[in-house]
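# Inside the fold
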Number of protein chains: 2
Amino acid sequence: MEQKEVLVLEDLLGSNNKIAAEIRAKLTGRGILPINLMSSPGSGKTTLLERLSEHLHPKYKMAVIEGDIETERDAERIRAKGIPAWQITTGGACHLEAKMVGRLFPKIPPDLNFLFIENVGNLVCPASYDLGESIRCLLLSTPEGDDKPKKYPKAFTTADCLVITKSDLVPPLPFNIERAQQEAREMNPSLQHFVTSAVRDTGIDTLAAYLIAQLERIRHPNA
Amino acid sequence: MEQKEVLVLEDLLGSNNKIAAEIRAKLTGRGILPINLMSSPGSGKTTLLERLSEHLHPKYKMAVIEGDIETERDAERIRAKGIPAWQITTGGACHLEAKMVGRLFPKIPPDLNFLFIENVGNLVCPASYDLGESIRCLLLSTPEGDDKPKKYPKAFTTADCLVITKSDLVPPLPFNIERAQQEAREMNPSLQHFVTSAVRDTGIDTLAAYLIAQLERIRHPNA
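Residues numbered from 1 in each chain as written. Chains lettered and ligands numbered in written order. Predicted model: local features only at pLDDT ≥ 70, side-chain atom pairs only at ≥ 80, totals over all residues. Heavy atoms only, no water.

This part covers the overall build of chain A. Counting secondary structure elements, chain A contains eight helices and seven strands. The C-alpha atoms of chain A give a radius of gyration of 17 Å, which matches the 17 Å a tight globule of 223 residues would have. For chain A, the spread of C-alpha atoms along the three principal axes comes to 50 × 45 × 40 Å. Taking all 223 residues of chain A together, the buried fraction comes to 59%. In chain A, once contacts between residues fewer than 6 apart in sequence are set aside, the share between residues at least 24 apart is 71%. Working note: accessible area of chain A is about 9100 Å², and carbon and sulfur atoms make up 52% of it. Charged side chains of chain A number 27 positive and 29 negative; the gap between the two group centres comes to 3 Å. (Helix = DSSP H or I, 4+ residues; strand = E, 2+ residues; numbered from the N terminus. Rg over C-alpha atoms; globule rule 2.2 N^0.38 Å. Buried < 20%, exposed > 50% of the residue type's maximum accessible area, 1.4 Å probe, protein only. Contact = heavy atoms within 4.5 Å. Areas by Shrake-Rupley, 256 points an atom, 1.4 Å probe, with all protein chains shown as cover. Lys, Arg positive; Asp, Glu negative; His and termini not counted. Charge placed at Lys NZ, Arg CZ, Asp CG, Glu CD.)

Now the structure itself:
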């Protein structure tokens, strides 16, 4: 990378991190758990949110910020489930930034429990941008292959949990779940692991329970 | 995007385009067809190249430049097929640039027919960088979903051909091949369409024939 690029990037990241810290403090202070969902295009982020909503609703209130380069397609899918969703279209940019999330702040209802932020489908750039999340969830779908952790290191080393999606496609797909988890574990020992199939509704309950436990942690930090 | 970011990007793209034009002129002048392969992570770029090598070899000579953030995994797979492969690890950068390809120039054998450049797995950033290719091939795998063209417009509008991969997974996957192709066609009417399954070896022969026709075009430009 050129020297000029590094300087500009550091400057941008510095101001991004400041905004992100403010978002995190404000949301968690209100008892809202912000979750950043990252993955390649088509790994099943929106489908996972649709399924999660069935496990969380109506006991817990959730809302979704949808990040896409173009179209409102994902927000429309979430709204069809009766969940509030706001679309950010980046108009070409390959990731969300904290300031984009910050602009939606006035719309976020105070009685919310979970604020999911679905990042732009991209396994590279979003990993460099803190959006003010408390939990960073990385999705890896089985058709993508079990060789991805070391090929896309930053996404795997910065995540809090790894959600393997589309587990129903194995077999016939040659994805070794244990191998993918083991490689990710070597890179990031504190990673929490989940294996899910939205089609069969397996593993989503365990993921929902983990998120509820994280919510309880921010609501009762001294418990 | 901030003003500063735009200026830096334009400067970088300007110098990238100059290097790319030089690469394209030199390669095609030698009768070598450079092909830039772009897609999301895990769409099957390396597997497609493995299969293509079986259709092109030994009549045509091919070599591969592998772009990855980390690891030599893809280059090793290609070398195992007896095909020369050079790995570029970008060390974090989300796309290849023409200067990275340019640095490998001394290694490229003069009697080559096809130079495949497998970009970093990313459906966003690589679309902005000309690598000196004559043909830009975009892969879309069926598990990613048929809603991708309008969500990732630049990749689809700048490509010369769209290769739908993993067609053997449909059904049960709810991917409508005709819908994906139609949406891409509306955005880019001159796009050439291919539907492939590397597992079943279907559609690869048609894609190979298209690439051979493109090679003939640069070798006999006045024919």
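Still to come is the rest of the account.
What follows covers the interface of chain A and chain B. Between chain A and chain B, the contact holds 36 residues from the first and 36 residues from the second. Roughly 3000 Å² of surface becomes buried between chain A and chain B when both sides are summed, with 59% attributable to carbon and sulfur atoms. It is Pro41(A), Arg73(A) and Lys151(A) that lose the most area in chain A upon contact with chain B, and together they represent 20% of the buried surface on that side. For the interface between chain A and chain B, the tally reads six salt bridges. (Buried area = accessible area lost by both parts, 1.4 Å probe. Salt bridge = Lys/Arg side-chain N within 4 Å of Asp/Glu carboxyl O.)

Attention now moves to the packing of helix α2 (residues 45-56) of chain B against helix α8 (residues 204-219) of chain B. Residue and element names in this part refer to chain B. Relative orientation of the contacting elements α2 and α8 amounts to 70°, with a least axis distance of 10 Å. Judged by the angle between their axes, α2 and α8 are roughly perpendicular. α2 and α8 meet at a crossing whose hand is right-handed. Of the residues in α8, those touching α2 at Leu48, Arg51, Leu52, His55 and Leu56 are Ile204, Asp205, Leu207, Ala208, Leu211 and Ile212. Split by residue class, the contact of α2 with α8 holds eight nonpolar, one polar and two charged. (Axes fitted to C-alpha atoms, helices over the stretch in contact; angles between N-to-C directions. Parallel < 35°, antiparallel > 145°, perpendicular 65-115°, else oblique. Left-handed = near helix turned anticlockwise from the far one by under 90°. Nonpolar A, V, L, I, M, F, W, Y, C, P; charged D, E, K, R; others polar.)

Here we come to empty space enclosed by the protein. Applying the stated criterion to the full structure yields one cavity of 30 Å³ or more. Taken as a whole, the largest cavity holds about 70 Å³ of empty space. As for the largest cavity, its lining consists of 16 residues, and the residues nearest its centre are Pro41(A), Ser141(A), Glu144(A), Ser141(B) and Glu144(B). In the lining of the largest cavity, the residues fall into four nonpolar, eight polar and four charged. (1 Å grid on protein atoms, 1.4 Å probe; cavity = no way out; pocket = protein on both sides within 12 Å on 5 of 7 lines; lining within 4 Å. Points joined across faces, edges and corners; volume = space filled by probe spheres on them.)

Let us now look at the pattern of salt bridges. Going through the model one piece at a time under the given rule, you end up with 36 salt bridges over all chains. Note that Arg24(A) and Asp130(A) form a salt bridge whose closest N and O atoms lie 2.8 Å from each other. Here Arg24(A), found in helix α1 (residues 3-29), pairs with Asp130(A), found in the loop between β4 (114-118) and β5 (135-141); they are 106 residues apart in sequence, far enough to count as distant. The partly exposed category is assigned to Arg24(A), whose relative accessible area is 25%. Salt bridges sharing common partners tie together Asp68(A), Asp74(A), Asp147(B), Lys148(B) and Lys151(B).

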